[in-house]
Amino acid sequence: MAKLTQEEILSYLEEATILELNDLVSAIEEKFGVVAAAVAAPAAAAEEAAGPSEVTVTLTNVGGTKVAVIKAVREITGLGLVDAKKLVDGVPAAIKENVSPEEAESIKEKLVAAGATVEIK
């Protein structure tokens, strides 16, 4: 049997299914008398990989339909007409801070439908 290179092994591991990898681990444990143990990643690294848990939705451009954007901002924030207009006039402006990414996407959809440009950070 020809010796496999490290690249060939890594290539196989990238393409293998979970079931194939599980069978491989079991075979290695049996052949060499070892036990595979999962290594937990640091919590910060796992959280970073998952993405932020809270974001800010920022209105970056009102577009050509300012009235529609003001209505959308009123609906999203619960502000009165005057305060919503001030917020829209102050572009770029944070519409909502510390919201879930899912809520941010919903807010973005409403504002984009009204003709605005939005940034989520």
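Basis of the calculations
Residues numbered from 1 in each chain as written. Predicted model: local features only at pLDDT ≥ 70, side-chain atom pairs only at ≥ 80, totals over all residues. Heavy atoms only, no water. Pairing = 2+ DSSP bridges. Helix = DSSP H or I, 4+ residues; strand = E, 2+ residues; numbered from the N terminus. Axes fitted to C-alpha atoms, helices over the stretch in contact; angles between N-to-C directions. Parallel < 35°, antiparallel > 145°, perpendicular 65-115°, else oblique. Left-handed = near helix turned anticlockwise from the far one by under 90°. Contact = heavy atoms within 4.5 Å. Nonpolar A, V, L, I, M, F, W, Y, C, P; charged D, E, K, R; others polar. Buried < 20%, exposed > 50% of the residue type's maximum accessible area, 1.4 Å probe, protein only. Core = buried A, V, L, I, M, F, W, Y, C linked by side-chain atoms within 4.5 Å. Expected span 1.5 Å × (residues − 1). Arc of directions from axis to C-beta.

Draft legend 1. Up close: the pairing of strand β1 (residues 55-61). Pairing between β1 and strand β2 (residues 93-99): 4 bridges, direction antiparallel. Residue pairing for β2: Val57 is matched across the bridge by Lys96. As defined by bridge partners, β1 adjoins strand β3 (residues 117-120) across 4 bridges and the pair is classed as antiparallel. Directly across from Thr58, in β3, lies its bridge partner Glu119.

Draft legend 2. Spotlight on the packing of helix α4 (residues 66-77) against helix α6 (residues 101-113). Put simply, α4 and α6 touch, their axes get as near as 8 Å, and they point 155° apart. In terms of orientation, α4 lies roughly antiparallel with respect to α6. As α4 packs across α6, the resulting crossing turns out to be right-handed. Between α4, through Val69, Ala72, Val73, Glu75 and Ile76, and α6, the contact on the second element is made entirely by Ile107, Lys110 and Leu111. When grouped by side-chain class, the residues that make up the contact of α4 with α6 number 6 nonpolar, no polar and 2 charged.

Draft legend 3. How the structure looks around unusual backbone geometry. Residue Pro92 follows Val91 across a cis peptide bond; omega there is 0°. Positive phi, normally seen in glycine, also occurs at Asn98, with a value near 55°. The exposure class of Asn98 is exposed, given its relative accessible area of 54%.

Draft legend 4. Geometry of the nonpolar core. By size, the foremost hydrophobic cluster in this structure holds 21 residues, and its most contacted members are Val57, Leu59, Val69, Val73, Val88, Ile95 and Leu111. Mapped by element, the contributors of at least two residues to this core are β1, α4, α5 (81-89), β2 and α6. Considering every element that reaches this core, the biggest residue donor is α4, with 5 residues. Ignoring anything within four residues of it in the chain, the contact list for Leu111 reads Val69, Ala72, Val73, Ile76, Ile95, Ala116 and Val118.

Draft legend 5. Representation of α4. The first and last C-alpha atoms of α4 sit 16 Å apart over 12 residues, in line with the 16 Å expected at 1.5 Å per residue. Every buried residue of α4 is accounted for by Val69, Ile70, Ala72, Val73 and Ile76. Buried residues in α4, looked at end-on, bunch into an arc of 165°, giving them a common side. Relative to its buried face, α4 has exposed residues pointing more than 90 degrees away, namely Val67, Lys71 and Glu75. Backbone geometry just downstream of α4 places Gly78 in the positive-phi region, at approximately 80°.

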